[in-house]
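Each chain, letter by letter, is given below.
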Amino acid sequence: APPEERPAIERLLRDSFEKLKAVLALDMSNFTLSVRRDGIFPYLCKIRRMHRLTLPIVLAHQGEAVMAWEAAGRRGILEMATGSGKTITAFVAAHRLLQAEHRPLLIVIAAPYLPLVAQWAREAERFGLRPVVPGEAPERAGKFAAVQRTLRSLRLGSSEVECLVVTQDFLN
């Protein structure tokens with residue numbers, strides 16, 4: 001990053017991402033039932049004082065990617081190499097969007113293959129989300145019922161954030 005952008009990137013990392021460092025170091029099974037039920041996003045504000053539990057997990061290029069996405073009106077594609085942290089970057093961006101908008105958030109993750117759907121679902125769980133995987137339903141009606149339940153939960157305000165993990169074919 002250019003030297004003049006460095007302070008903004010460092011501030012972004014410090015203000016937002018250090019909270020997520022602590023989250024990833026914690027085992028959700030030790031949390032109260034309400035935190036496990038509601039997910040970790042509402043809990044993030046309570047752990048602001050927890051610093052440096054793990055090595056930094058958000059790298060400068062990930063912070064730059066989130067800043068670029070935000071500068072583009074929160075639109076765009078993360079073009080990052082394999083293993084460079086697209087998953088973490090995407091969930092951090094989703095968290096920042098939730099903080100900024102103060103309204104229900106639907107995260108839709110579309111992966112090309114079923115093994116990648118399962119991988120994304122596991123990663124979503126690490127971030128305290130309860131991913132809904134409609135493809136796990138045996139018949140078409142069950143798949144769409146899972147999506148409808150998810151949308152209803154957001155619409156009725158019973159959930160602040162929901163995460164759907166689907167195959168790209170499901171969206172066609």
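Below or above, wherever it landed, is the structure these notes cover. This is a predicted model, so every value here is computed, not measured.

### So, the pattern of salt bridges
All chains considered together, the criterion is met by 4 salt bridges. Residues Glu70 and Arg96 are paired through a salt bridge, measuring 2.7 Å at the closest nitrogen-oxygen approach. Here Glu70, found in helix 3 (residues 60–71), pairs with Arg96, found in helix 4 (residues 86–101); they are 26 residues apart in sequence, far enough to count as distant. Look at Glu70 and you get partly exposed, because its relative accessible area is 22%. Of the residues examined, Arg96 reaches a relative accessible area of 18% and is grouped as buried. With a shortest N-O distance of 3.0 Å, Arg126 and Glu123 are connected by a salt bridge. You can see Arg126 and its partner Glu123 sitting in helix 5 (residues 114–126), 3 residues apart, about one turn around the helix. Overall, Arg126 belongs to the partly exposed group, its relative accessible area being 45%. Where salt bridges share partners, they join Arg74, Glu101 and Arg103 into one cluster.

### Section: the environment of Leu151
Along the chain, Leu151 turns up in helix 6 (residues 140–155). Taking the C-alpha atoms as reference points, Leu151 and Glu162, 11 residues apart in sequence, are found 8.1 Å from one another.

### What to know about helix 3
Its 12 residues place the ends of helix 3 16 Å apart at the C-alpha level, agreeing with the 16 Å of an ideal helix rising 1.5 Å per residue. Taken together, the buried positions of helix 3 are occupied by Gln62, Gly63, Ala65, Val66 and Trp69. An end-on view of helix 3 places all buried positions within 160° of arc, on one side of the element. Looking one or two residues beyond helix 3, the residue adopting positive phi is Gly73, at roughly 75°.

### Details of the pairing of strand 2 (residues 161–167)
A regular strand places its side chains so that they alternate between the two faces of the sheet. The element strand 2 is largely enclosed, with a buried count of 7 among its 7 residues. Here strand 2 shows a buried face lined by Val161, Cys163, Val165 and Thr167 and a second buried face lined by Glu162, Leu164 and Val166. As paired strands, strand 1 (residues 105–111) and strand 2 are joined by 7 bridges and run parallel to one another. By the bridge assignment, Ala111 is partnered in strand 2 with Thr167.

Parameters at a glance
- Residues numbered from 1 in each chain as written.
- Predicted model: local features only at pLDDT ≥ 70, side-chain atom pairs only at ≥ 80, totals over all residues.
- Heavy atoms only, no water.
- Salt bridge = Lys/Arg side-chain N within 4 Å of Asp/Glu carboxyl O.
- Helix = DSSP H or I, 4+ residues; strand = E, 2+ residues; numbered from the N terminus.
- Buried < 20%, exposed > 50% of the residue type's maximum accessible area, 1.4 Å probe, protein only.
- Expected span 1.5 Å × (residues − 1).
- Arc of directions from axis to C-beta.
- Pairing = 2+ DSSP bridges.

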